Amino acid sequence: MTVIKLDGITKKFGSVTALDNLDLTVEKGEIYGFLGPNGSGKSTTINILLDFIQPTNGQATLFGQDVHTNSAAIRDRIGVLPDAYDTYDRLTGRQHLEFTIESKGASDDPMELLERVGIPEAADRTADGYSKGMTQRLVLSMALVGDPDLLILDEPSTGLDPNGAREMREIIMEQNQRGATIFFSSHIMEQVEAICDRVGILSNGTLIAEDSIHELRQQMDTKTTLTLVVSDVTPAVVDAVQNCTGVSNVTTGNDQISVSIADGSKAAVINTIESSAVELQDFSTSEASLEDLFTAYTTEQTEGSA
Amino acid sequence: MSWSVIAKKELRDASRSRRLFALIVTFVLFFAGAAFVIIKVMNTFGGNVSPETPAILSLTIPLGIFLPAVGIFSGYRSIVGERESGSLKLLLSLPHSRTDVVLGKFLGRTALVGSATLIGFLVGGIVTVALGAELPIVDYLSLIVLSVVLGAAFVSISVGFSASIRSEDLIVFIGFGLVLLFTMLWGVLTSLIGMLLRRYDLGSQTFQADIVSFIRALNPQRGFNSAYSSLSMLNNTSGDVFWQEGWFGFIVLAFWIVVPLAFGMWRFNRTELT
């Protein structure tokens, strides 16, 4: 069953095109990571799903219902952590939850939810005294009220420390196991890597890549970088390294040579240097991080469109 | 019944933040003070309380300034304030339609102003009786009901307005502007229109006079006065044209409750919340 469907969505603000003919589908039970740099159109997309704004063109549906005409009924089935929100300063955490529970006609226990997000001690304090991280946890707990079928989380890790971000991921996994579909946006690849079934990368209002993390990595043909620290960077040794099979993109520094290598080429490069006139003092390898992958995608796109 | 959840929240928030308490104190001071002053003044000048206009009913004139001010300042930030802070995003992430939000805010704030009005009148009534003045019960009750209705009209104006604008930037000026419009400027503007009609000789003299008196009758305060006259046993005047008759006052009050709110809903349903 399709939970989210965006069909040719275009959104213009005056002369600025925020979303350009965006198609996107999320199936029931998926965890979908919506990635993109700031300003790429992620929040605009989410604002359309929530009917905060309306698309210039195209149709958006949630659970097969139009997001505009059936907005309130749809919002009964979803939990939301929006961006650029504010809590009610004078209400306590518990009162926020009580209002949410009443609004959704749910029967959750506010304390249980606050414990789940790790702020039970703040239950009876007013929200104006909460830190950014505590506020984010409170709003996440509000999103969990009534066991929604879909969670829409806009940059959920904002304001959380690494530990908080890990707990957020755990909660997302738990909710998914319960059967909820998860749609969350982030500008940090690392956060989606561990938990997403599928990732869509948005840049300048267009989806430039959409696949599993594994597939994305394959498509980009990213390679391992081998960095060699040597006694002297001579033209002869650079030439020799360049001629090894599986080596590409050789860069040199003061006393080091960095090369991109294909799988299984490391030994050949090291042997080449050891049999040359220069001395190999140290070496290290690093795999292309998803961050590099993400950067590669988004910069390629920018360069392509420039 | 999503609006009722929002209306209840409004009332709860107001009592938690002591806004309700402050409002009740203001009303009580106003009514008790006004009743006291009016009775004392009457006793000084008339020797005894005039039977034609019992003290509590002389409140219609000060009420005409007090209720617009309280009604407007009770609602003018209700929606645009949440919009500017961002709490509207949390509210509209929940299953409330935008219409429910406007309606809930209106009902909650009307209940707020209405309960303060009731308590104020009650204390005013007690003061009146305690000072030995007459308290004609039917007139007194109709004055209470109509005051609650007039309060609702001004809450509708301010909530409708609050739903229609994007930013809080000029909200305080707008608030004062609205209060001035309905208390003083309406009369000034009506006279101005009359002058213009005469200056450019538009229509007959009767027509000019009718236009002016019709516009004057559209003021919610006028509506309140003429509706009250029609209920009051003391003051049964009827005009020669329909808009000067008592029933038209009820129409005017209904207009000011329905139209600003409907306009606010219409605007709010179409606006983009970014």
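Everything quoted here is computed from the prediction, not taken from an experiment.

A.B. asks: An account of the packing of aromatic side chains is needed here, citing residue identities and associated values.
C.D. replies: Each aromatic ring pair is characterised by the separation of its centres together with the angle its planes make. Residues and elements named next belong to chain B. One pass over the structure, following the stated rule, counts 23 aromatic pairs over all chains. Ring centres of F242 and W243 lie 5.1 Å apart, and the angle between their planes is 85°; on these two criteria the pair is classed as edge-to-face. Take F242: its relative accessible area is 42%, and that puts it in the partly exposed class. Here a set of aromatic residues connected by ring pairs shows up, and it is made of F27, F30, F31, F66, F121 and Y140. Across from the ring centre of Y200, 5.1 Å away, lies the NZ or CZ of R199, which sits over that ring.

A.B. asks: Which residues make up unusual backbone geometry, and what values go with them?
C.D. replies: All names here are of chain A. Although it is not a glycine, F63 adopts a positive phi angle of roughly 55°. Positionally, F63 belongs in the loop between β4 (57-62) and β5 (65-66). The exposure class assigned to F63 is buried, which follows from its relative accessible area of 11%.

A.B. asks: Describe in detail the pattern of salt bridges, supporting the description with residues and values.
C.D. replies: Under the criterion given, the structure shown has 19 salt bridges over all chains. One salt bridge connects D149 of chain A with R77 of chain A, and the closest N-O pair in it is separated by 2.9 Å. Highlighted residues: D149 of chain A in the loop between α5 (132-143) and β7 (150-154) and R77 of chain A in the loop between α2 (71-75) and β6 (78-81), separated in sequence by 72 residues. Look at D149 of chain A and you get partly exposed, because its relative accessible area is 33%. Among the residues examined, R77 of chain A registers a relative accessible area of 32% and is labelled partly exposed. Of the charged contacts, one joins K105 of chain B and E82 of chain B as a salt bridge, the two residues approaching to 2.6 Å between their closest N and O atoms. Here K105 of chain B is found in helix α6 (residues 98-130), whereas its partner E82 of chain B is found in helix α4 (residues 80-85), with 23 residues between them in sequence. A residue is classified by how much of its surface remains accessible, and K105 of chain B, at 2% relative accessible area, is buried. Taken together, the shared-partner salt bridges in this structure form one network comprising E10, E82, K105 and R109 of chain B.

A.B. asks: Explain the side chain of S103 of chain A to me, using residue names and the numbers behind them.
C.D. replies: Residue position: S103 of chain A is located in helix α3 (residues 93-104). Accessibility expressed as a relative area gives 12% for S103 of chain A, which makes it buried. Side-chain polar atoms of S103 of chain A contact the side chain of H96 of chain B, separated by 2.8 Å. Not counting chain neighbours up to four residues away, the residues in contact with S103 of chain A comprise V5, L94, P95 and H96 of chain B.

A.B. asks: Tell me what's going on with the interface of chain A and chain B, and back it up with residues and numbers.
C.D. replies: Taken together, the contacts link 28 residues of chain A with 25 residues of chain B. Carbon and sulfur atoms make up 58% of the surface buried where chain A meets chain B, a total of about 2,500 Å² over both sides. Counting across the chain A and chain B interface gives four salt bridges. Where chain A packs against chain B, one counts 14 residue pairs in polar contact (both at pLDDT 80 or more). Taken together, the elements giving at least two residues each to the side of chain A that touches chain B come down to β1 (2-13), α2, α3 and α5 of chain A. For the side of chain A that touches chain B, the residue count by class is 13 nonpolar, six polar and nine charged.

Each value, and the rule that gives it
- Residues numbered from 1 in each chain as written.
- Chains lettered and ligands numbered in written order.
- Predicted model: local features only at pLDDT ≥ 70, side-chain atom pairs only at ≥ 80, totals over all residues.
- Heavy atoms only, no water.
- Phe/Tyr/Trp six-rings, centres within 6.5 Å; stacked < 30°, edge-to-face > 60°.
- Buried < 20%, exposed > 50% of the residue type's maximum accessible area, 1.4 Å probe, protein only.
- Lys NZ or Arg CZ within 6 Å of the ring centre and 35° of its normal.
- Helix = DSSP H or I, 4+ residues; strand = E, 2+ residues; numbered from the N terminus.
- Salt bridge = Lys/Arg side-chain N within 4 Å of Asp/Glu carboxyl O.
- Polar contact = N/O pair within 3.5 Å; in protein donor to acceptor, adjacent residues only side chain to side chain.
- Contact = heavy atoms within 4.5 Å.
- Buried area = accessible area lost by both parts, 1.4 Å probe.
- Nonpolar A, V, L, I, M, F, W, Y, C, P; charged D, E, K, R; others polar.

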